[in-house]
Amino acid sequence: MKIDAVTIFPEYFAPLQLSLLGKAQEQGLVEVGIHDLRSFSTDNHNTVDDTPYGGGAGMVMLPEIWGKALDQLMTPETDLIILTPAGKRFDQPMAAKFSQAKHLVFACGRYEGIDDRVRQHYESKNHRVHEVSIGDYVLGGGEVASLVMIEAITRLIPGVLGNPESLAEESHNEEGYLEYPNFTKPSIWRDIEVPAILLSGNHGEIAKWRAAQAQERAKKNL
């Protein structure tokens, strides 16, 4: 998979060189490109935004700058992801869908967001455009949201996880269940004991206990 991100803060993406994703890039499973939006501006101040038509607080990111940046990245295989609080909520099924893509481009907006004509233009050219939010809150920009999505997506690519069996017991699976609580040594820590069933060696009963615990967690989080 190829991943590109367009941002005014390229340094934000340094963590992508770490841990599993860093190894995945070394192994050629994932290719990542980070692009500085300001490099496409044409004035001495590297301007990327202006005041909104119709008035209002804040600034809106200029469509011409975004168009120049995205034109060099978009192909028929590209899924363009525009990070916005107004977008569709990101979840595990969406991560699984994006993990099958060949090329993802993350457009990291700032201020009051990206001029909506950017979305309209690429949709009119029959590109796959997705407006996505990672939750019902507002961040300073799309960089943090992109990092969250990239990690959730790339770990589903075959070969990225060291132990592929880990995917079978995800904290959030596609059926909506949460992962059961986990424990390790010692069996007693600060007077709190590991549930006895986990020490029994009865794998059938352990599986039932874990399923019940997962359902209970899901109910608590409703």
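Residues numbered from 1 in each chain as written. Predicted model: local features only at pLDDT ≥ 70, side-chain atom pairs only at ≥ 80, totals over all residues. Heavy atoms only, no water.

Visitor: Explain the side chain of Asp49 to me, please; I cannot follow it from the model alone.
Guide: Mapped onto the elements of the fold, Asp49 is located in strand β3 (residues 49-50). Comment: no salt bridge for buried Asp49; closest opposite-charge side chain is Arg38, at 5.9 Å. In contact with Asp49, not counting residues within four places along its chain, are Met59, Val60, Met61, Leu62 and Tyr111. (Helix = DSSP H or I, 4+ residues; strand = E, 2+ residues; numbered from the N terminus. Buried < 20%, exposed > 50% of the residue type's maximum accessible area, 1.4 Å probe, protein only. Lys, Arg positive; Asp, Glu negative; His and termini not counted. Salt bridge = Lys/Arg side-chain N within 4 Å of Asp/Glu carboxyl O. Contact = heavy atoms within 4.5 Å.)

Visitor: Explain the pattern of salt bridges to me, please; I cannot follow it from the model alone.
Guide: Oppositely charged side chains can form a pair if their charged atoms are brought close together. Using the criterion set out here, one finds ten salt bridges in the structure. A salt bridge links Lys102 to Glu77; its shortest N-O distance comes to 3.5 Å. Here Lys102, found in the loop between α3 (92-98) and β6 (103-107), pairs with Glu77, found in the loop between α2 (63-71) and β5 (78-89); they are 25 residues apart in sequence, far enough to count as distant. Asp136 is paired through a salt bridge with Arg89; the nearest N and O atoms lie 2.5 Å apart. Residue Asp136 is found in the loop between β7 (128-133) and α5 (142-154), and its partner Arg89 is found in strand β5; the two are separated by 47 residues along the sequence. Residue class for Arg89 comes out partly exposed when judged on its relative accessible area of 42%. Look at the salt bridges and you will find they share partners, linking Lys2, Asp4 and Glu31 into a network.

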